[in-house]
Amino acid sequence: RVQHLPCLPRYYSGEKKAPVLTVFIGGNHEASNHLQELPYGGGVAPNIYYLGYAGVVRFRGVRIGGISGIFKSHDYRKGHFECPPYNQQTIRSAYHVRNIEVFKLKQLKRPIDIFMSHDWPRSIYHYGNKKQLLKMKSFFRQEVESNTLGSPAASELLQHLKPTYWFSAHLHVKFAAFMQHETNSKEELPKATKFLALDKCLPHRDFLQIIDVEHDPNAGDSLEYDAEWIAILKATNSLVNVTQSSWNMPEKNGLHAKWDYSVTEEAIKEVLEELNHDLKIPCNFTLTAACYDPSKPQKTMEPVHTINPQTTEFCAQFGLTDINDRIQQAKEEGSGRGECEEEEEEEMDSTGSAEEPSEYNTDNSGLSSFNPDEIMLDEEGGDEDLSTCSVDPSPDHPPEFSTSFSDIRIMPDSMAVSSDDAMDSNNEELEKSGGSKQVEEKSSTERSLKRISGDENGNSGVKKIKRRNQAIYAAEDEDK
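Since the structure is predicted, the reported quantities are computational estimates derived from the model, not experimental observations.

Trainee: Could you clarify how one ought to interpret the pairing of strand S5 (residues 54-59) in this entry?
Mentor: Put simply, side chains in a regular strand alternate between the two faces of the sheet. Examined bridge by bridge, S5 and strand S6 (residues 62-67) share six bridges and lie antiparallel to one another. Residue pairing across strands places Arg58 opposite Arg63, the latter belonging to S6. Where S5 meets strand S12 (residues 223-225), three bridges bridge the pair, whose relative direction is antiparallel. Note that in S12 the partner of Arg58 across the bridge is Glu224.

Trainee: Is there a simple way to explain the environment of Gly43 in this structure?
Mentor: Inspection of the secondary structure puts Gly43 in strand S3 (residues 42-45). Judged by its relative accessible area of 11%, Gly43 is buried. Taking the C-alpha atoms as reference points, Gly43 and Asn284, separated by 241 residues in sequence, lie 7.2 Å from one another.

Trainee: Hey, could you run me through the sheet that holds S3 in this one?
Mentor: Within a sheet, each strand pairs with its neighbour through backbone hydrogen bonds, oriented either parallel or antiparallel. Across the sheet, three strands lie side by side as S2-S4-S3; this open sheet has mixed pairing. Whereas interior strands pair on both sides, the edge strands pair on one side only; in this sheet they are strand S2 (22-24) and S3. Going from strand to strand, the sheet's axes swing by 35 degrees on average, the running direction of each strand aside. Of the pairings in the sheet, the one linking S2 to strand S4 (residues 48-50) comprises three bridges and is parallel in character. Bridged to Phe24 within S4 is Tyr50.

Trainee: Is there a simple way to explain the pattern of salt bridges in this structure?
Mentor: If the charged atoms of two oppositely charged side chains come close together, the side chains can form a pair. On inspection of all chains with the given rule, the structure shows eleven salt bridges. The closest approach of N and O atoms between Arg205 and Asp199, which form a salt bridge, is 2.9 Å. You can call Arg205 buried: its relative accessible area is 8%. Under the relative-accessibility criterion, Asp199 is labelled buried at 6%. Note that Lys234 is salt-bridged to Glu274, the shortest N-O span being 3.3 Å. Of this pair, Lys234 sits in helix H8 (residues 227-235) while Glu274 sits in helix H9 (residues 265-274), and the two are 40 residues apart along the sequence. Connected via shared salt-bridge partners are Arg58, Arg63, Asp226 and Glu228.

Trainee: How should the packing of H8 against H9 be read in this particular structure?
Mentor: For any two helices packed against each other, the geometry is given by the interaxial angle and the distance between the axes. Interaxial distance between H8 and H9 falls to 8 Å at its minimum, and their mutual angle equals 105 degrees. Relative to H9, the element H8 is oriented roughly perpendicular. Where H8 abuts H9, its residues Ala227, Glu228, Ile230, Ala231 and Lys234 lie against Ala267, Ile268, Val271, Leu272 and Glu274. Partitioning the contact of H8 with H9 into residue classes produces seven nonpolar, no polar and three charged.

Trainee: Could you clarify how one ought to interpret the environment of Lys174 in this entry?
Mentor: Within the secondary structure layout, Lys174 lies in the loop between strand S8 (165-168) and strand S9 (175-180). Through-space distance from the C-alpha of Lys174 to that of Leu198 is 4.1 Å; in sequence the pair is 24 residues apart. Of note is the side chain of Lys174, whose polar atom sits 3.1 Å from the side chain of Gln209.

Trainee: Which parts of the structure should I look at to understand the sheet that holds S5?
Mentor: Spatially, seven strands are ordered S9-S10-S8-S7-S6-S5-S12 in an open sheet, and the strand pairing comes out mixed. Each end of this open sheet is capped by a strand with a single partner; those strands are S9 and S12. With strand direction ignored, the average angle separating the axes of adjacent strands in the sheet is 25 degrees. Looking at chain direction, strand S7 (residues 114-117) and S8 are connected through three bridges and run parallel. The residue of S8 that forms the bridge with Phe115 is Trp166.

Conventions used here
Residues numbered from 1 in each chain as written. Predicted model: local features only at pLDDT ≥ 70, side-chain atom pairs only at ≥ 80, totals over all residues. Heavy atoms only, no water. Pairing = 2+ DSSP bridges. Helix = DSSP H or I, 4+ residues; strand = E, 2+ residues; numbered from the N terminus. Buried < 20%, exposed > 50% of the residue type's maximum accessible area, 1.4 Å probe, protein only. Axes fitted to C-alpha atoms, helices over the stretch in contact; angles between N-to-C directions. Salt bridge = Lys/Arg side-chain N within 4 Å of Asp/Glu carboxyl O. Parallel < 35°, antiparallel > 145°, perpendicular 65-115°, else oblique. Contact = heavy atoms within 4.5 Å. Nonpolar A, V, L, I, M, F, W, Y, C, P; charged D, E, K, R; others polar. Polar contact = N/O pair within 3.5 Å; in protein donor to acceptor, adjacent residues only side chain to side chain.

Honestly, it's all geometry; don't read function into it.
Here's what the structure looks like:
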């Protein structure tokens, strides 16, 4: 079952157990301080498993991988240096994707069945119904046509991993696509990826879909470690970085003695022997924060940096570096260069530096256009830019890419969509519909700007997170 789960997890009551085993990744509206306790993954509640910054697990023979966070080029090459208490920069950079996670995932050789990312892989919209997408989200038009919407890092992983399914969220719209991958040789069998993004979990929105995936009916119902992924974590352990200095991953450019960290069958066999061929992930969820009790109002408390026993056990078992423990050591030794000190905030430029360019030629995240459906922090200028970015298309995709790209698709039967979703896109009709969408876009933007601003008199007041709560379910759907 694929479902867009908003803001999961926030707090656990300490009593209930999820009725269905749930595997998830983090986005940009999760409780970053709790998820940061589990950089390699772990249980956040009974029967709910987080994949970590990046991870791969198995369930009944199905191989499931994912990468957490959203892409921002100015943080992409930094280490995981953030820790509670956060300042106005680190509260956002904590959920930004890092190059080391992409590097680790690119070492995978064995096939992936399901992969998850929060923001969309860049270019995936060219393999689905762009006409319907732009009808639903007209404010994406400029970035879709210039091929700059979405994460270039996720697109790189999509081209490398070629999973059977890829699920994303972030843009708050249902969208299906079918991508046929090119083969590197005549002997290689062609692969295809079925992509699906779902809408917000609200009334009258497409936020749930059932998909049948081939699996091993004889396998147990326990979540299992992936031996190749564990071997890759061990092989790349020396690359762990907890500083905010930008750095590049090893590559074959004459500057690195080693650049290939993919693992051999012998290394995978060693992992299996270490585990006595028992790959079952232990159900060792541990409470690290007081449970929320609505009958006992609690004072707002500043989050503290916590070392999670699940991570401690995992790192000890496989000889890995506990990232949070390393950060804590750096703080205690006074060599952390103030990553977690608020007084350093003024010296930290959240927009990046010209001396430290990204390996990608654009700085768009999966949501650089203004999306009225996106939940935003007040005065959060550095994360979801309210302006529509004007950037040059990448060399791989010239300006006329969207008009020259073949729009012929084969929509998979197993990914059932409505008749509107499956309509063929027509660029000529898209251009004709542009004028009528301007009024719609303007009204949507005005409505959204009003939502994220202060009171009607323009007073912003104290910064706070605006969330849709249960009252939204009784309100009229804004997208009707």
